[in-house]
Number of protein chains: 4
Amino acid sequence: MNLTLLINCQDQSGIIHSVTGFISRKGGNVIYLDQHVDKQAEVFFMRLESEFDVDLNLDTFKGEFINEVANAYKMKWNLYDEGERPRMGIFVSKYNHCLYDLLSRHNSGELQVDIPFILSNHTDLEYVAEQFKIPFFHIPVTKETKSVAEQEQLKLLRDYNVDFIVLARYMQIISSKIIDVFPNRIINIHHSFLPAFVGAKPYHAAFERGVKIIGATSHYVTEDLDAGPIIEQDVATVSHTHSVKDFLAKGRDLEKIVLSRAVKLHVTHKTMVYNNKTVIFS
Amino acid sequence: MNLTLLINCQDQSGIIHSVTGFISRKGGNVIYLDQHVDKQAEVFFMRLESEFDVDLNLDTFKGEFINEVANAYKMKWNLYDEGERPRMGIFVSKYNHCLYDLLSRHNSGELQVDIPFILSNHTDLEYVAEQFKIPFFHIPVTKETKSVAEQEQLKLLRDYNVDFIVLARYMQIISSKIIDVFPNRIINIHHSFLPAFVGAKPYHAAFERGVKIIGATSHYVTEDLDAGPIIEQDVATVSHTHSVKDFLAKGRDLEKIVLSRAVKLHVTHKTMVYNNKTVIFS
Amino acid sequence: MNLTLLINCQDQSGIIHSVTGFISRKGGNVIYLDQHVDKQAEVFFMRLESEFDVDLNLDTFKGEFINEVANAYKMKWNLYDEGERPRMGIFVSKYNHCLYDLLSRHNSGELQVDIPFILSNHTDLEYVAEQFKIPFFHIPVTKETKSVAEQEQLKLLRDYNVDFIVLARYMQIISSKIIDVFPNRIINIHHSFLPAFVGAKPYHAAFERGVKIIGATSHYVTEDLDAGPIIEQDVATVSHTHSVKDFLAKGRDLEKIVLSRAVKLHVTHKTMVYNNKTVIFS
Amino acid sequence: MNLTLLINCQDQSGIIHSVTGFISRKGGNVIYLDQHVDKQAEVFFMRLESEFDVDLNLDTFKGEFINEVANAYKMKWNLYDEGERPRMGIFVSKYNHCLYDLLSRHNSGELQVDIPFILSNHTDLEYVAEQFKIPFFHIPVTKETKSVAEQEQLKLLRDYNVDFIVLARYMQIISSKIIDVFPNRIINIHHSFLPAFVGAKPYHAAFERGVKIIGATSHYVTEDLDAGPIIEQDVATVSHTHSVKDFLAKGRDLEKIVLSRAVKLHVTHKTMVYNNKTVIFS
């Protein structure tokens, strides 16, 4: 079995030596190790993949890791069994490009997740869910019903054991009620090169400003709008010949690629969050 | 002789037909024509290069163009003789990378301009001016002397017949006294992907925000800080492994390339400004 | 109605004046004009969009254009009514990423074509055709049956009035029998940065060579394998940390974006072919 | 003092644990560790930076490393004292852009090397050497004198204790006489996106082929022309509007940036060569 370990703690001497020693004692072989030190914050980050010839009892393994390593360094850590597929809930609104992109990657085996449902505040994309035979839930959201809608969303997320949420151009603001339950586990795609053009209609704003490059940004959702830890960004060149409609079309290509990359990084446990920034392992 | 004509006016029928007819009647041959219509603003833009076997009297030519074409369409226009080299004043502060880049391009004939002088508020780069045998003027700027300094700058710009100014990482704000004399003829390089990170220390701000891409922007200087018409932008990827110092180093490469591209576009009369945006011809 | 005119001929004086005069006489308004002169080959290229308040008789219009303009300059030209949707036949094999990308763009109205059928030498992707309710034809190809298969393909292309063909990762070589019927109307996506890595398994070859950037290339199919006129290319960075499998995954994203861009350029009549190269209008 | 250790050996269990243990026993602190396993070749690569509060005797340290670690794993390794500046010999021909770029980076402290001399087969760039007060040697090369010229080059390289050579657009082929003395220590810039357009006049070939993207490649020189391990590549978009001259101008910007990046990677000991490919550490 293959295990991935994500660690962060205060930077100290001997951490790598200690962790690799533990893996070795348990009969594992390190097949990937990358570490990073944030010198300003004096924090150490590590991602380590190891393979074991036999299947381990994970609870025992975790207990031993705490006693033999983690406590001594006051580590925050997570352990993932690479054989387990995370469960990804998808929220959409009316645009289909990100949704199609995620579903076709899922379909071809590129995206190793289970998709328990697609949820939307509209019914426009129900037909896509049907095409791919995935349960679809319609939860309308208005100013008045927002609070009730969130209760319904939370119930669905709980009932279907969702591990993380992807906002595939879901045009509603997510409140702390849901964010608190899924900290650093809600991935949004914002259709601008953040921090430029926060909020609504960023392509229109970019057009007005006369920029020569537009972008898209995928980030973890926090309570500050479009201000969460950035996972991935990409850009495309534009010129005076492009209308707002052209910006939108170019942007769609950016959005779907950038969102899918971010989702893949999350699913393969290559992201860590610290100080509202991400460490993205290779 | 080769002439370049830049035109803008309200969008109307028959403009191209009328201008190309004029060029033809004067014995010229159109060797390049590109046009653009801003449909929102209903403005027509055109860049036209033509070659003439004989040397024309430009004053006569201009007079005829006004009478036969420009007046009818209420055109704003400029005519450039491609045989004339514009005179480019360079303002610098302490960083040498943009300056070296401009001078080495000038040196190799890539940049067809005359450089009457390099001006700085510091003496750090005097040695570069000496290396390239270009006059260097040191005009210190403090809060108290700013007004006097600007008078000296204006005198130099006038005495040396400067056509346009390049701020090659000149770290001072240019006031309207100078901008008014050189409208859309002062080119700045800002070390961020505008409109993100306006103002001082953009790389530090980008680092704090945890962006995955940094940029540089060259624009014409207007009275609003870092808000003038954008000529050129470019970006580079960064990651958590890069320190602010790495951002600065990557940024230097962006800055010099982006600034030089913008200068070349300006010098070859491929830029037009409208509504605080640029039309950049190919 | 909006008409698009594509023209090429030997470079001569007065062409633009003559064509814009014709459009004007017929009551049209030029809404886009771009031209290019290949100075080496001395060939003139032009793309002109015009709008007419009334619907024209296109046959009459074409006849007049021949008599009043085209003959005098010995032009090759094509006229397109932008209201007509071209009919796009799709050939696939076993990979679904390019197919899904084309179909989702078609679905959202981004790609203004009709898709009469999807054809494959395998049945793997029949389910995708079913998802999108598009006729699917299975024509197996072996060395022995290749000639018969081509006859069947040609019959389908004729029966369904196909205007152009998109090879969306169709892994078979197209022979001159089909190319001759669809000159510069078969668009292929090759999974390398041509002319590097022509032929089979380009990602494996790129991996072996240790390149730091991989690419994808969309081109019109000619009889020389992977040597036809290039329409569009794009690249992505790779490193020693990427396996061949990673190259393949990164490449899929390139392939689908590059192919879709090329198809859109073709559909909007922005491509012209000359000397085995393309002119791509903005 | 800061030491950088580069290691490669057959992939085995326990290497990281063993090396980090050694560093710790000698009183050092690991400040950077990155490793890579080439699974096909079953080779392990590691780059480790460590800091020591006291200055070590490097010979003793190396001896202990051999006995306590390296021998057991049959490692190939190199140890670098980051306080030492490598000595970089520059070979040029007639183009000045790469030379100016390297010298201005050296000048501003970005490139931490000593430059004992600039060598050329022409005298065109002697003035640049004078501008920067660096010794210049003119060694003409003809078919007849090539062998003698190489003897002179080798003598200079030896006399000036050159550590590595940068071919900053030196247009001559380097023979094995010199390569054998500087294995993986001669850095070339080739003005194409290798492996496309090997050999002379790549921009002309790219123009003929009608590519939409051009590139530049920096690689270590081996006996096979333009086929050595690639260190760094970058690309720029081109279109039908660009002439060969435009390709050359765009290419110059690529060449100087790509070459300088490769030189910096080499100087900071972030490159390892294996199977004619590079591992580039972050």
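Our structure is the block above this text.
This report concerns the structure included in the present document. Since we're looking at a predicted model, the values are computed, not measured. (Residues numbered from 1 in each chain as written. Chains lettered and ligands numbered in written order. Predicted model: local features only at pLDDT ≥ 70, side-chain atom pairs only at ≥ 80, totals over all residues. Heavy atoms only, no water.)

### Remarks on the overall build of chain A
Inference 1: The secondary structure content of chain A amounts to 8 helices and 13 strands.
Inference 2: For 282 residues, the compact-globule estimate of 2.2 N^0.38 gives 19 Å, and the C-alpha radius of gyration of chain A, at 21 Å, lies within 12% of that figure.
Inference 3: For chain A, the spread of C-alpha atoms along the principal axes amounts to about 60 × 40 × 35 Å.
Inference 4: Each of the 282 residues in chain A was classed as buried or not, and the buried ones make up 57%. (Helix = DSSP H or I, 4+ residues; strand = E, 2+ residues; numbered from the N terminus. Rg over C-alpha atoms; globule rule 2.2 N^0.38 Å. Buried < 20%, exposed > 50% of the residue type's maximum accessible area, 1.4 Å probe, protein only.)

### Re the relation of the copies chain B and chain A
Inference 1: Superposing chain B onto chain A requires a rotation of 180 degrees together with a translation of 0.0 Å along the rotation axis, leaving an RMSD of 0.0 Å. As the rotation angle and translation indicate, the two copies are arranged about a two-fold axis. For chain B, the minimum C-alpha distance to the rotation axis belongs to Ala196(B) and amounts to 2.3 Å. (Least-squares fit on C-alpha atoms with pLDDT ≥ 70 in both.)

### Here we look at the relation of the copies chain C and chain B
Inference 1: In the superposition of chain C on chain B (RMSD 0.0 Å, axial shift 0.0 Å), the rotation amounts to 180 degrees.
Inference 2: Both copies share a contact surface, since 100% of the interface residues of chain C are interface residues in chain B too. (Contact = heavy atoms within 4.5 Å.)

### Comments concerning the interface of chain B and chain A
Inference 1: With 31 residues of chain B at the contact, the number on the chain A side is 31 residues.
Inference 2: Counting the surface lost from both chain B and chain A, the interface buries some 2,600 Å², and carbon and sulfur atoms represent 59% of this.
Inference 3: Broken down residue by residue, the surface that chain B buries against chain A is led by Arg209(B), Lys212(B) and His240(B), which jointly contribute 27%.
Inference 4: Connecting chain B to chain A are 0 salt bridges.
Inference 5: For the pair chain B and chain A, the number of links is 18 residue pairs in polar contact (both at pLDDT 80 or more). (Buried area = accessible area lost by both parts, 1.4 Å probe. Salt bridge = Lys/Arg side-chain N within 4 Å of Asp/Glu carboxyl O. Polar contact = N/O pair within 3.5 Å; in protein donor to acceptor, adjacent residues only side chain to side chain.)

### Things to note about the packing of helix α8 (residues 244-267) of chain B against helix α8 (residues 244-267) of chain D
Inference 1: Orientation of α8(B) relative to α8(D), taken along the N-to-C sense of each, is 170 degrees, at an axis distance of 12 Å. Relative to α8(D), α8(B) is oriented roughly antiparallel. Between α8(B) and α8(D), the residues in contact are Ala249(B), Asp253(B), Lys256(B), Ile257(B) and Lys264(B) and Ala249(D), Asp253(D), Lys256(D), Ile257(D) and Lys264(D), respectively.
Inference 2: When its residues are assigned to classes, the contact of α8(B) with α8(D) shows 4 nonpolar, no polar and 6 charged. (Axes fitted to C-alpha atoms, helices over the stretch in contact; angles between N-to-C directions. Parallel < 35°, antiparallel > 145°, perpendicular 65-115°, else oblique. Nonpolar A, V, L, I, M, F, W, Y, C, P; charged D, E, K, R; others polar.)

### Comments concerning the side chain of His242(C)
Residue and element names in this part refer to chain C.
Inference 1: You can see His242 is positioned in the loop between β11 (230-237) and α8 (244-267).
Inference 2: For His242, the side chain forms a polar contact with the main-chain nitrogen of Ser239, separated by 2.9 Å.
Inference 3: Once residues within four sequence positions are removed from consideration, His242 is found in contact with Phe207, Phe247 and Lys250.

### As for the packing of aromatic side chains
Inference 1: According to the stated counting rule, one finds 50 aromatic pairs over all chains in the structure shown.
Inference 2: Ring centres of Phe91(A) and Tyr170(A) lie 5.3 Å apart, and the angle between their planes is 80 degrees; on these two criteria the pair is classed as edge-to-face. In this pair, Phe91(A) is assigned in strand β5 (residues 88-92) and Tyr170(A) in the loop between β8 (164-167) and α6 (176-179), connecting sequence segments 79 residues apart.
Inference 3: Assessed through its relative accessible area of 0%, Phe91(A) is described here as buried.
Inference 4: On the numbers, 5.4 Å between centres and 85 degrees between planes, the contact of Phe45(C) with Tyr274(C) is edge-to-face. A residue pair is termed long-range when its members are at least 10 positions apart, and Phe45(C) in strand β3 (residues 43-52) and Tyr274(C) in strand β12 (residues 271-274) qualify at 229 residues.
Inference 5: Every member of this aromatic cluster is reached through a ring pair, and the members are Phe22(A), Phe52(A), Phe61(A), Phe65(A) and Trp77(A). (Phe/Tyr/Trp six-rings, centres within 6.5 Å; stacked < 30°, edge-to-face > 60°.)

### Focus on a nonpolar patch on the surface
Inference 1: A cluster of nonpolar side chains, contributed by Ile173(A), Val198(A) and Leu225(A), occupies part of the molecular surface with about 280 Å² of accessible area.
Inference 2: The residue Ile173(A) is located in the loop between β8 and α6 in this model. (Patch = residues over 30% accessible without salt bridge, like charges linked within 9 Å, V, L, I, M, F, W, Y side chains within 5 Å. Areas by Shrake-Rupley, 256 points an atom, 1.4 Å probe, with all protein chains shown as cover.)

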